[in-house]
Amino acid sequence: MWLLQLPSIPKFSTPFLHGGGILRSAPTATTFPAPSAPCSMPTIRAMKSMQGKVVCATSDKTVAVEVVRLAPHPKYKRRVRKKKKYQAHDPDNQFKVGDIVQLLKSRPISKTKTFVAVSVPKKDSTNNPVDDSASDIGIPLESQQQA
């Protein structure tokens, strides 16, 4: 006969095929390392912290913070600004509109608040072109000399 004979295909027993059977395989031994000593600190998960600007501070102990991030455009791959507003806990009502704050992830405080607002330390922007080495050695500058 001139019929083509195909090699035999093994039958798999899986719940995804028409039989609905159970796939049986040899159990693998997975061993996990035992903890050496009980730890008083919980397991550290990735802390999520963001930085943004306060856009609304009218609610009591709550501020709305707008976080701006750069993300690639799905089609054009150019980085575009994405803005998102988060509600953050402000226990002392210390933040005003326009303040830059850092948001730290915490336990849920309410339905929409899962961040705590923390003040960001001010950066020293002392980019003075005047060289301070002359004052260190005691030589007065011409502008400081009295005529």
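Note that the structure is predicted; figures quoted are calculated from it, not measured.

1. So, the sheet that holds strand S4 (residues 100-105)
And step 1. What the five strands build is a closed barrel, ordered S1-S2-S3-S5-S4; its pairing is mixed. Across the sheet, the mean angle from the axis of one strand to that of its neighbour is 50°, orientation sign disregarded.
And step 2. Of the pairings in the sheet, the one linking S4 to strand S5 (residues 113-119) comprises five bridges and is antiparallel in character. Along S5, the bridge assignment pairs lysine 105 with phenylalanine 115.

2. Observations regarding the nonpolar core
And step 1. Counting residues in each nonpolar core, the largest one holds 12 residues, listed as Met50, Val54, Val63, Val65, Val67, Tyr86, Ala88, Phe95, Val101, Leu103, Phe115 and Ala117.
And step 2. Counting only elements with at least two residues in this core, the list comes to strand S1 (49-56), strand S2 (62-72), strand S3 (79-89), S4 and S5.
And step 3. Considering every element that reaches this core, the biggest residue donor is S2, with three residues.
And step 4. Setting aside its immediate chain neighbours within four residues, valine 67 contacts Met50, Gln51, Gly52, Lys82, Lys83, Lys84, Tyr86 and Leu103.

3. As for the side chain of aspartate 90
And step 1. Within the fold, aspartate 90 resides in the loop between S3 and S4.
And step 2. Setting aside anything within four residues of it in sequence, one finds aspartate 90 in contact with Lys61, Thr62, Val63 and Phe95.

4. Some points on the confidence of the model for the protein chain
And step 1. For the protein chain, the mean per-residue pLDDT works out to 76, and 53% of the residues sit at or above 70.
And step 2. Mean pLDDT across the secondary structure elements of the protein chain bottoms out at helix H1 (residues 133-136), with 54, and peaks at S3, with 96.

5. Quick word on the side chain of histidine 89
And step 1. Looking at the secondary structure, you find histidine 89 in strand S3.
And step 2. Of note is the side chain of histidine 89, whose polar atom sits 3.3 Å from the backbone oxygen of lysine 61.
And step 3. Within the structure, the side chain of histidine 89 is placed 3.1 Å from the side chain of lysine 113, a separation counted as a polar contact.
And step 4. Beyond its immediate stretch of four places on either side in the chain, histidine 89 contacts Lys61, Ile109, Lys113, Phe115, Val116 and Ala117.

6. So, the pairing of S3
And step 1. Two elements, S2 and S3, share 11 bridges in a ladder whose sense is antiparallel. Note on S3: the bridge partner recorded for valine 67 is lysine 84.
And step 2. Linkage of S2 to S3, two consecutive antiparallel strands, is achieved through a turn of six residues, within which lysine 77 is found at a positive phi near 60°.
And step 3. Alignment of S3 against S5, held across three bridges, turns out to be parallel. Bridge assignment links alanine 88 to a residue of S5, and that residue is phenylalanine 115.

What counts as what
Residues numbered from 1 in each chain as written. Predicted model: local features only at pLDDT ≥ 70, side-chain atom pairs only at ≥ 80, totals over all residues. Heavy atoms only, no water. Pairing = 2+ DSSP bridges. Helix = DSSP H or I, 4+ residues; strand = E, 2+ residues; numbered from the N terminus. Axes fitted to C-alpha atoms, helices over the stretch in contact; angles between N-to-C directions. Core = buried A, V, L, I, M, F, W, Y, C linked by side-chain atoms within 4.5 Å. Buried < 20%, exposed > 50% of the residue type's maximum accessible area, 1.4 Å probe, protein only. Contact = heavy atoms within 4.5 Å. pLDDT = per-residue confidence, 0-100. Polar contact = N/O pair within 3.5 Å; in protein donor to acceptor, adjacent residues only side chain to side chain.

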